[in-house]
Amino acid sequence: MRPLRACLGAAAAVTLAAAGTTALVASNASGATSALSNRWYAAAPYLMPLDNNPPDAAAIMDATGLKAFQLAFVLAPNGGGCSPTWGGTAAVSSDTAVQSVINTIRAKGGDVSVSIGGYGGTKLGQACADAASTAAAYQQVITKYGLHAIDFDLEEPEYENTAAIKNEIGAAKILQQNNSGLYVSVTTAGTADGTGWFGKQMLLEAKSQGFTPNNFSIMPFDGGFSGAASQTSALTNFNSILQSTFGWDQATAYAHEGFSGMNGRSDTGEYFTQADFQTVLDYATSHNMDRFTFWSLNRDRQCSPVDNNGTTSGTCSSVAQADWDFAKYSVKFAGVTPPTTTPTPTPTPTPTPTSCKTAWSATAVYTAGNEVSYNSHNWKAKWWTQNEVPGASEWGPWQDEGAC
């Protein structure tokens with residue numbers, strides 16, 4: 001993980017409920033009713049609703065068929081305390097801005113999961129005294145927004161804190177028990193070997209607490225990766241780690257495994273194109289993996305210039321693309337064919353007519369800079385001239401200034 005991800009918000013998630021389980025029904029102040037199928041929560045890409053030039057969720061839904069969004073990130077207050085905020089600054093208890101985004105998505109038949117943690121900031125697992133108080137803080141988020149899914153993003157620097165990870169895993173288990181049908185996923189750092197030492201310690205903590213989420217997802221980027229082949233290799237290695245940690249067979253491990261990628265240019269200058277996403281998607285579906293997501297929808301549009309001058313942006317991808325190209329891979333993972341639309345061509349603007357200058361005269365003397373009109377074009381003299389027809393010679397004294 002890299003410091004830039006503090007502002008880009010890398011993904012780490014916990015989601016509870018196996019794909020295809022019966023949708024739960026909730027009715028509360030958030031206006032939530034029926035949940036989507038768990039496959040949609042497993043496919044939900046990350047969206048920062050308050051930062052990084054948030055795109056219009058309704059427009060993405062119309063363009064791609066996407067139904068679920070992973071909203072990021074819930075943190076402890078920057079000033080201290082054990083209460084949930086968006087990004088450390090906006091209290092969940094008094095929020096209306098994110099609620100408005102959620103209402104828009106739900107009005108169109110979609111839904112959201114909320115991601116807690118991410119890179120940077122103070123996490124509730126660090127700020128709260130124990131698992132119970134950590135869970136109580138997250139329960140406020142679930143209750144306010146009527147959530148059917150939640151995502152635990154456990155990475156640097158929190159996952160290096162054993163007490164914090166114990167609180168987070170303990171809280172995830174409590175929420176799973178107290179919210180029937182809640183879809184929970186846990187996302188952590190990816191390495192070429194699958195995940196690193198701290199990621200493995202997190203898995204061991206989950207095992208010791210008897211906690212099994214819907215999936216454990218890794219983020220195979222920012223660690224010396226190069227394209228899809230290195231990512232699928234890491235997923236294969238992570239599958240072996242899940243088998244050895246929990247005593248699962250290969251198929252069971254894949255059924256509890258997820259992928260969280262980064263579209264376009266990563267924080268460390270790696271590039272992942274649409275073709276790479278297709279390769280990883282094929283791997284995920286052929287191995288019956290539980291989750292396929294990416295960071296982020298805020299970045300799912302082309303930079304200008306395309307390569308963003310060789311830097312990583314939180315608002316565009318740094319690769320050539322149409323808007324929401326990467327979101328369509330999430331839609332495919334959910335088992336839906338994205339709509340195929342022919343872009344409406346941008347009409348060619350009708351040029352504003354240019355008025356014609358005084359007509360050229362064969363007897364007049366012209367010096368450099370004098371302008372005339374001839375044969376429905378304006379012309380500018382390059383040097384002294386007389387009785388030389390504009391346009392008669394490519395190397396003549398007249399410069400064509402266009403139609404008039």
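Scroll up a little and you will see the structure.
All of these numbers come straight from a predicted model, not from anything done at the bench.

Chemist: Now, about the packing of aromatic side chains: what can you tell me, with residues and values included?
Modeler: The final tally for this structure, using the stated rule, is 21 aromatic pairs. An angle of 90° between the planes, with centres 6.1 Å apart, marks the rings of Phe277 and Phe292 as edge-to-face. Here Phe292 lies in strand E12 (residues 291-295) and Phe277 lies in helix H11 (residues 274-286), a separation of 15 residues in the sequence. Phe292 matches Phe277 in its accessibility class, with the two residues each being buried. The structure contains a cluster of three or more aromatic residues connected by ring pairs, namely Phe259, Phe277, Phe292, Phe294, Phe326, Tyr329 and Phe333. Here the basic side chain of Arg39 rests over the ring of Phe333, its NZ or CZ set 3.7 Å away from the ring centre.

Chemist: Requested: an account of the nonpolar core, with residues and values cited.
Modeler: With 93 residues, the main nonpolar core has Phe69, Ile150, Phe152, Phe216 and Phe292 as its most contacted residues. Of the residues forming this core, the biggest block, 7 residues, is contributed by helix H9 (residues 227-246). Ranked by size, the runner-up nonpolar core spans 6 residues in total, among them Trp360, Val372, Ala381 and Trp398.

Chemist: Tell me about the packing of helix H6 (residues 131-145) against helix H7 (residues 162-178), residues and numbers included.
Modeler: Close contact between H6 and H7 brings their axes to 8 Å; oriented N to C, the two are set at 55°. Overall, the two elements H6 and H7 adopt an arrangement that is oblique. In this structure, H6 crosses over H7, and the sense of that crossing is right-handed. Within the contact between the two elements, H6 uses Ala131, Ala132, Thr134, Ala135, Tyr138, Gln139 and Ile142 and H7 uses Lys166, Asn167, Glu168, Gly170, Ala171, Ile174 and Leu175.

Chemist: I'd like a rundown of the pattern of salt bridges, residues and numbers included.
Modeler: This structure, assessed with the given rule, holds 4 salt bridges. Asp62 is paired through a salt bridge with Lys108; the nearest N and O atoms lie 2.8 Å apart. Here the residue Asp62 occupies a position in helix H3 (residues 57-64), and Lys108 occupies one in the loop between helix H4 (97-107) and strand E5 (111-117), the gap between them amounting to 46 residues. The class of Asp62 is exposed, set by a relative accessible area of 53%. Taking relative accessible area as the criterion, Lys108 reaches 38% and is therefore assigned partly exposed. One salt bridge in this structure joins Asp151 and Arg291, with 3.6 Å as the shortest N-O distance. Residue Asp151 is found in strand E6 (residues 149-153), and its partner Arg291 is found in strand E12; the two are separated by 140 residues along the sequence. With relative accessibility at 0%, the residue Asp151 sits in the buried group. Overall, Arg291 belongs to the buried group, its relative accessible area being 0%.

Chemist: Now, about the sheet that holds strand E14 (residues 371-374): what can you tell me, with residues and values included?
Modeler: Across the sheet, which stays open at both edges, the 3 strands sit in the order E14-E15-E17 with antiparallel pairing between neighbours. Looking at the sheet topology across the chains shown, the edges are occupied by E14 and strand E17 (398-403). Adjacent strand axes in the sheet meet at a mean angle of 30° when their direction is disregarded. Where strand E15 (residues 377-381) and E17 come together, 4 bridges link them in antiparallel fashion. Of the residues in E17, the one forming a bridge with Lys380 is Gln399.

Chemist: So what about the packing of H9 against H11? Which residues, and what values?
Modeler: It is the contact of H9 with H11, at a shortest axis distance of 8 Å, that shows an interaxial angle of 25°. Taken together, the axis directions place H9 and H11 in an arrangement best described as roughly parallel. In the crossing of H9 with H11, the sense of the turn from one axis to the other is right-handed. The residues of H11 that touch H9, namely those facing Gly227, Ala228, Gln231, Thr232, Leu235 and Thr236, are Asp276, Thr279, Val280 and Tyr283. Among the residues forming the contact of H9 with H11, the class breakdown is 4 nonpolar, 5 polar and 1 charged.

Chemist: Give a description of the environment of Gln99 that names residues and reports values.
Modeler: Relative to the assigned elements, Gln99 resides in helix H4. Judged by its relative accessible area of 13%, Gln99 falls in the buried class.

Chemist: Go over the environment of Lys166, please, and point to the residues and values.
Modeler: Relative to the assigned elements, Lys166 resides in helix H7. Between the C-alpha atom of Lys166 and that of Gln126, which follows or precedes it by 40 residues, the distance is 9.8 Å.

Chemist: Tell me what's going on with H9, and back it up with residues and numbers.
Modeler: Spanning 20 residues, H9 covers 29 Å between terminal C-alpha atoms, matching the ideal 28 Å at 1.5 Å per step. Buried within H9 are the following residues: Gly227, Ala228, Gln231, Thr232, Ala234, Leu235, Phe238, Asn239, Ile241, Leu242, Thr245 and Phe246. One side of H9 carries all its buried residues, which in axial view fall inside an arc of 165°. For H9, exposure combined with an orientation more than 90 degrees from the buried face picks out Ala229 and Ser244. In this structure, the buried residues of H9 make contact with helix H8 (197-209), strand E8 (215-219), helix H10 (250-255), strand E9 (257-262), strand E11 (271-272) and H11.

Cut-offs and rules
- Residues numbered from 1 in each chain as written.
- Predicted model: local features only at pLDDT ≥ 70, side-chain atom pairs only at ≥ 80, totals over all residues.
- Heavy atoms only, no water.
- Phe/Tyr/Trp six-rings, centres within 6.5 Å; stacked < 30°, edge-to-face > 60°.
- Helix = DSSP H or I, 4+ residues; strand = E, 2+ residues; numbered from the N terminus.
- Buried < 20%, exposed > 50% of the residue type's maximum accessible area, 1.4 Å probe, protein only.
- Lys NZ or Arg CZ within 6 Å of the ring centre and 35° of its normal.
- Core = buried A, V, L, I, M, F, W, Y, C linked by side-chain atoms within 4.5 Å.
- Axes fitted to C-alpha atoms, helices over the stretch in contact; angles between N-to-C directions.
- Parallel < 35°, antiparallel > 145°, perpendicular 65-115°, else oblique.
- Left-handed = near helix turned anticlockwise from the far one by under 90°.
- Contact = heavy atoms within 4.5 Å.
- Salt bridge = Lys/Arg side-chain N within 4 Å of Asp/Glu carboxyl O.
- Pairing = 2+ DSSP bridges.
- Nonpolar A, V, L, I, M, F, W, Y, C, P; charged D, E, K, R; others polar.
- Expected span 1.5 Å × (residues − 1).
- Arc of directions from axis to C-beta.

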